[in-house]
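Given next are the chains, with one letter for each unit.
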Amino acid sequence: MNRDPYAIALNNALTEIKKAYPDVKNSFLFTKNGTIITGDQETDTKTMNNILASFQTMKEKAKVIGNLKSLHINGKNGKLTLSNINDMYLVLATSKNMDKTHIYSITHVILPTILKTLETFAHTHLQFPSTKNLVVDTLSGFFAGDSVQIDAEILVDWTKNTDSRARMKAVLTGEQNTQEIIDHVRIETFGGNSTLCKVKEINDQTLKGKNMIRIPEKVCNTLEIKKGDLVKVKPLL
Amino acid sequence: MLVKKSETNDTENDAEKMQEKLQEIKDQEGIIGYILRSPKSASIDLKDPTKIIEYAILSSTAFDVGHDITEALQMGEVDTIVVESEETKLLSMNINNHHLSLFMEKSVDHDKLYKKLK
């Protein structure tokens, strides 16, 4: 099962729905691009993949009538509802006698509400990458270059945070999850100046772990700061 | 022999009754057309004849997908399959060895049509 927090939350939601509606036999969610997000304990991966493959075939052939929004199958011993919710699809297999209004509640009220809540939560967290207050050290000389230097630990920490947000974003939008490398930072002074700089790891061992940012002199001049000043630094995402 | 002839007569009667019902239904508001397949023949009546092949493929796919999914989930034989897009839907059903697919606008009450045809 997908260990992403978003997927775990949805898995919990499906579990609770099953408890509330015992007529639900199988349920799982997948993105519009065909990635399975999560499913209940009773539905094995092979079954999910088989159903997914059938759905993809149906979706392709149904283009003659438009974009596929839902598929309902009534069998002698059960029924299946596959419906589009936001950018995902919910598969719900139920007993034959499950009330239509209950199915409608799950597909049109309960799950959309949960998804909307999770989306709002995820987007809020996507907006605010961690800002660090770092002490300025100046880089001077011929080889100072244009890049600033920051502790490797800080760069790694930022990368971890963007990874989990990127995974959630990928699940929400159905887009491919591409790991972002932090190669630029925004530096803001408390005086209101700011600039964008390339960033790399601090190469001076004696300065590691001291919450410092090494900034080329010419950039310091632009920002009107000097050695020992405090600046706000955040990764560019 | 006699039994066989009787069975053949029953099948022909069913097909005739089905055709009568379909003739009534196809002129109702919102009905786009139908495809009716039996082991030995097919009957197609669509308002837009340029889409016959695509609609026939969709109809066939709906039955195949219905069979695959009901088998995967042990849901028994397929009764009906309803495929919906933004504005159109397809009702597919098995009636006495006939595969019927009815294409209609989304606003049409397909449950009512199912009861009428069954």
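Residues numbered from 1 in each chain as written. Chains lettered and ligands numbered in written order. Predicted model: local features only at pLDDT ≥ 70, side-chain atom pairs only at ≥ 80, totals over all residues. Heavy atoms only, no water.

K.L.:
Give me the overall build of chain B: which residues, what numbers.
P.N.:
A tally of regular secondary structure across chain B gives three helices and five strands. The N-to-C order of helical and strand elements in chain B reads α-β-β-α-β-β-β-α. Here chain B holds 118 residues, and the buried ones make up 42% of them. Pairs at least 24 apart in sequence give 44% of the contacts found in chain B among residues at least 6 apart. Accessible surface computed for chain B: about 6,800 Å², of which carbon and sulfur atoms make up 48%. (Helix = DSSP H or I, 4+ residues; strand = E, 2+ residues; numbered from the N terminus. Buried < 20%, exposed > 50% of the residue type's maximum accessible area, 1.4 Å probe, protein only. Contact = heavy atoms within 4.5 Å. Areas by Shrake-Rupley, 256 points an atom, 1.4 Å probe, with all protein chains shown as cover.)

K.L.:
Could you give an account of the overall build of chain A, naming the residues involved and the relevant values?
P.N.:
When its secondary structure is counted, chain A shows five helices and eleven strands. With 237 residues in all, chain A has 44% of them scored as buried. A fraction of 65% describes how many contacts in chain A between residues 6 or more apart in sequence connect residues 24 or more apart. As displayed, chain A offers around 12,500 Å² of accessible surface, 49% of which is attributable to carbon and sulfur atoms.

K.L.:
So, a negative patch on the surface: which residues are in play, and what are the values?
P.N.:
Residue and element names in this part refer to chain B. Side chains of Glu 29, Glu 86, Glu 87 and Glu 105 sit close together on the surface and give a patch of like negative charge. Note on placement: Glu 105 falls in strand β5 (residues 98-105). Judged by relative accessible area, Glu 105 falls into the partly exposed class, the value being 41%. (Patch = residues over 30% accessible without salt bridge, like charges linked within 9 Å, V, L, I, M, F, W, Y side chains within 5 Å. Salt bridge = Lys/Arg side-chain N within 4 Å of Asp/Glu carboxyl O. Lys, Arg positive; Asp, Glu negative; His and termini not counted. Charge placed at Lys NZ, Arg CZ, Asp CG, Glu CD.)

K.L.:
How would you sum up a nonpolar patch on the surface? Please name residues and give values.
P.N.:
All names here are of chain B. On the surface, Ile 44, Ile 52, Ile 53 and Ile 57 cluster together into a nonpolar patch covering about 340 Å² of accessible area. The leading source of residues in the nonpolar patch is helix α2 (residues 52-72), at three residues. Following the sequence through the fold, Ile 53 ends up in helix α2.

K.L.:
Before we move on, could you go through the pairing of strand β1 (residues 31-37) of chain B and cite the residues and values that matter?
P.N.:
Residue and element names in this part refer to chain B. Taking burial as the measure, the seven residues of β1 include five buried ones, the bulk of the element. Relative to β5, β1 runs antiparallel, the two being bridged by six bridges. When the bridges of β5 are listed, Arg 37 appears paired with His 99. Note that β1 and strand β2 (residues 42-46) share five bridges and pair antiparallel. Among the inter-strand pairings, Tyr 34 is bridged to a residue of β2, identified as Asp 45. Two successive antiparallel strands, β1 and β2, enclose a turn made up of four residues. (Pairing = 2+ DSSP bridges.)

K.L.:
Summarise the interface of chain A and chain B; cite the residues concerned and give the values.
P.N.:
Tallying the contact residues gives 28 residues for chain A and 29 residues for chain B. Looking at the side of chain A facing chain B, the largest losses of area belong to A:Val64, A:Ile65 and A:Ile73, adding up to 26% of the total buried there. One can count three salt bridges joining chain A with chain B. One salt bridge in this structure joins B:Asp79 and A:Lys76, with 2.8 Å as the shortest N-O distance. Along the contact surface separating chain A from chain B lie twelve residue pairs in polar contact (both at pLDDT 80 or more). Inspection of the sheet shows strand β3 (residues 70-75) of chain A paired to strand β3 (residues 78-84) of chain B by six bridges, in the antiparallel sense. Residue pairing across strands places A:His72 opposite B:Val82, the latter belonging to β3(B). (Buried area = accessible area lost by both parts, 1.4 Å probe. Polar contact = N/O pair within 3.5 Å; in protein donor to acceptor, adjacent residues only side chain to side chain.)

K.L.:
Help me get a handle on the sheet that holds strand β8 (residues 184-189) of chain A, residues and values and all.
P.N.:
Strand pairing in a sheet takes place through backbone hydrogen bonds and is either antiparallel or parallel in direction. All names here are of chain A. Pairing is mixed in the closed barrel, where six strands are placed in the order β6-β10-β7-β9-β8-β11. Each strand of the sheet is rotated relative to its neighbour by a mean of 45 degrees, with strand direction disregarded. Here four bridges tie strand β6 (residues 132-139) to strand β11 (residues 230-235), and the two strands are oriented antiparallel to one another. Its bridge partner lying in β11, Val 135 is registered against Leu 230. (Axes fitted to C-alpha atoms, helices over the stretch in contact; angles between N-to-C directions.)

K.L.:
An account of the sheet that holds β2(B) is requested, with residue identities and associated values reported.
P.N.:
Taken in spatial order, the ten strands line up as β2(A)-β1(A)-β5(A)-β4(A)-β3(A)-β3(B)-β4(B)-β5(B)-β1(B)-β2(B) in an open sheet, and their pairing is antiparallel. Sheet topology places β2 (36-39) of chain A together with β2 of chain B at the edges, where each strand pairs with a single neighbour. In this sheet, adjacent strand axes meet at a mean angle of 10 degrees when their direction is disregarded. Along the sheet face, helix α1 (residues 5-20) of chain A touches β1 (24-31), β2 and β5 (88-95) of chain A and points at about 40 degrees away from the line of β2(A). Sitting on the sheet, helix α3 (residues 110-117) of chain B touches β1, β3, β4 (88-95) and β5 of chain B, and the angle it makes with β4(B) is about 20 degrees.

K.L.:
Help me get a handle on the confidence of the model for chain A, residues and values and all.
P.N.:
Summing up the model confidence of chain A, the mean pLDDT is 87 and the portion of residues at 70 or higher is 87%. Model confidence for chain A, summarised as mean pLDDT per element, is weakest for helix α4 (residues 152-173) of chain A at 71 and strongest for β3(A) at 96. (pLDDT = per-residue confidence, 0-100.)

K.L.:
Please provide a residue-by-residue account of the pattern of salt bridges, values included.
P.N.:
Residue and element names in this part refer to chain A. This structure, assessed with the given rule, holds 17 salt bridges over all chains. Of the charged contacts, one joins Glu 16 and Lys 19 as a salt bridge, the two residues approaching to 3.3 Å between their closest N and O atoms. Taken together, the residues Glu 16 and Lys 19, both in helix α1 and three residues apart, mark about one turn of the helix. Judged by its relative accessible area of 58%, Lys 19 falls in the exposed class. What you see here is one network of salt bridges that share partners, running through Lys 18, Asp 40 and Glu 42.

K.L.:
Lay out α1(A) in plain terms, naming residues and giving numbers.
P.N.:
Residues and elements named next belong to chain A. Compared with the 22 Å implied by 1.5 Å per residue over 16 residues, the 23 Å span of α1 between its first and last C-alpha is a close match. For α1, the complete set of buried residues consists of Tyr 6, Ala 7, Leu 10, Asn 11, Ala 13, Leu 14, Ile 17 and Lys 18. On an axial view of α1, the arc spanned by its buried residues comes to 160 degrees, and they lie on one face. Opposite the buried face of α1, at more than 90 degrees from it, the exposed residues are Lys 19 and Ala 20. (Expected span 1.5 Å × (residues − 1). Arc of directions from axis to C-beta.)

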